Amino acid sequence: MYSGAQISIYPMADDFVGVILGALSALDPYRDRLQVQTDDISTLLVGAPEVLFPAMRDLFVAAAKSGKHCVLHATISRGCPGEPDDAVCYTTEYGGPVLPLEQRKQMALDSVQAAPVTDMPSAAQFSLYVMDTNDHMDEIYGCIDFLKQSGTFDRAKNFCTKLGGDAGAVFATVQAALCRFGPPEGHVTIDLTVSANSPTVRTS
């Protein structure tokens, strides 16, 4: 199953180049398990979800530890029928037979509880799109139920859900949303924006 993300990171700083380049070493532990392609708009990361999401998390946290307001935007996909399968995307955690929705929700909750602590408070908003199935709304409602129990749920917004908390838990929540909802080999996509060190006062 092909899985990957087009990501862009935006440090709100005069020295944005330095912040980005200084954060790139956070990808080093993952480079042998990812395909990485960069152009002038975004960077494509291709790999198994259990590698892809920690790599995005660590890159974002490394940039945010500069103390500058940093935003990461990602378009994330798994199972796209228009993409060839790739050995680098082989997953040991996902796939297999379709499990009952309640069981998948519990697995998603367990993964958030097990997320590493990064000491980087973050906010995020994302939208989940489940393709290739007639019961996509059941899957989305199941995901929403999981989100409300995840400990990272902030609130529903128009067209998306807002999350907040430690970056480790936030990225684990989004990973679970992508991988635990929708058919195991089906096409699921997420549009994600994550922010840290924002000068904007949080509103309820």
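The rules behind the values
- Residues numbered from 1 in each chain as written.
- Predicted model: local features only at pLDDT ≥ 70, side-chain atom pairs only at ≥ 80, totals over all residues.
- Heavy atoms only, no water.
- Helix = DSSP H or I, 4+ residues; strand = E, 2+ residues; numbered from the N terminus.
- Buried < 20%, exposed > 50% of the residue type's maximum accessible area, 1.4 Å probe, protein only.
- Areas by Shrake-Rupley, 256 points an atom, 1.4 Å probe, with all protein chains shown as cover.
- Lys, Arg positive; Asp, Glu negative; His and termini not counted.
- Charge placed at Lys NZ, Arg CZ, Asp CG, Glu CD.
- Phe/Tyr/Trp six-rings, centres within 6.5 Å; stacked < 30°, edge-to-face > 60°.
- Pairing = 2+ DSSP bridges.
- Axes fitted to C-alpha atoms, helices over the stretch in contact; angles between N-to-C directions.
- Contact = heavy atoms within 4.5 Å.
- Polar contact = N/O pair within 3.5 Å; in protein donor to acceptor, adjacent residues only side chain to side chain.
- Expected span 1.5 Å × (residues − 1).

Caption draft 1: Highlighting the overall build of the protein chain. In terms of regular secondary structure, the protein chain is built from five helices and eight strands. Listing every helix and strand of the protein chain by position from the N terminus yields β-α-β-β-α-β-α-β-α-β-β-α-β. Along the longest, intermediate and shortest principal axes, the C-alpha atoms of the protein chain span 50 × 40 × 30 Å. Relative to its 204 residues, the protein chain shows a buried fraction of 50%. Entry remark: accessible area of the protein chain is about 10100 Å², with carbon and sulfur atoms responsible for 55%. Of the charged side chains in the protein chain, 14 are positive and 24 negative, and the gap between their average positions amounts to 8 Å.

Caption draft 2: Fine view of the packing of aromatic side chains. According to the stated counting rule, one finds two aromatic pairs in the structure shown. A ring pair is formed by Phe60 and Phe171, whose centres lie 6.0 Å apart and whose planes are at 50°; its orientation type is tilted. Of this pair, Phe60 sits in helix H2 (residues 49–64) while Phe171 sits in helix H5 (residues 167–180); the two residues are 111 residues apart in sequence, bridging distant segments of the chain. Classification of Phe171 by relative accessible area gives buried; the value is 3%. For the ring pair Phe146 and Phe181, a centre distance of 5.8 Å and an interplane angle of 25° mean the geometry is stacked.

Caption draft 3: Spatial organisation of the sheet that holds strand E6 (residues 153–157). The antiparallel open sheet is built from eight strands, whose spatial order is E2-E3-E1-E4-E8-E5-E7-E6. Of all the strands in the sheet, just strand E2 (35–38) and E6 have a single pairing partner and so form its edges. Between one strand axis and the next, the sheet turns by 20° as a mean value, whatever way the strands run. Taken together, the four bridges between E2 and strand E3 (residues 43–46) define a ladder with antiparallel strand orientation. The residue bridging Gln37 from the neighbouring strand is Leu44, located in E3. Along the sheet, H2 contacts strand E1 (3–11), E3, strand E4 (70–78), strand E5 (121–130) and strand E8 (188–196); its crossing angle with E4, the most-contacted strand, is approximately 170°.

Caption draft 4: Inspection of the side chain of Gln175 at higher detail. Examined against the element boundaries, Gln175 turns out to sit in helix H5. Its relative accessible area of 12% is what places Gln175 among the buried residues. Among the polar contacts listed, one links the side chain of Gln175 to the side chain of Tyr94, at a separation of 2.8 Å. The residues touching Gln175, leaving out its near neighbours within four places in the chain, are Pro49, Glu50, Phe53, Pro54, Glu93 and Tyr94.

Caption draft 5: Structural context of H2. A rise of 1.5 Å per residue sets the reference length of H2, with its 16 residues, at 22 Å; its end C-alpha atoms lie 22 Å apart and thus fit the reference within 8%. Where burial is concerned, most of H2 is hidden: 14 out of the 16 residues are buried.

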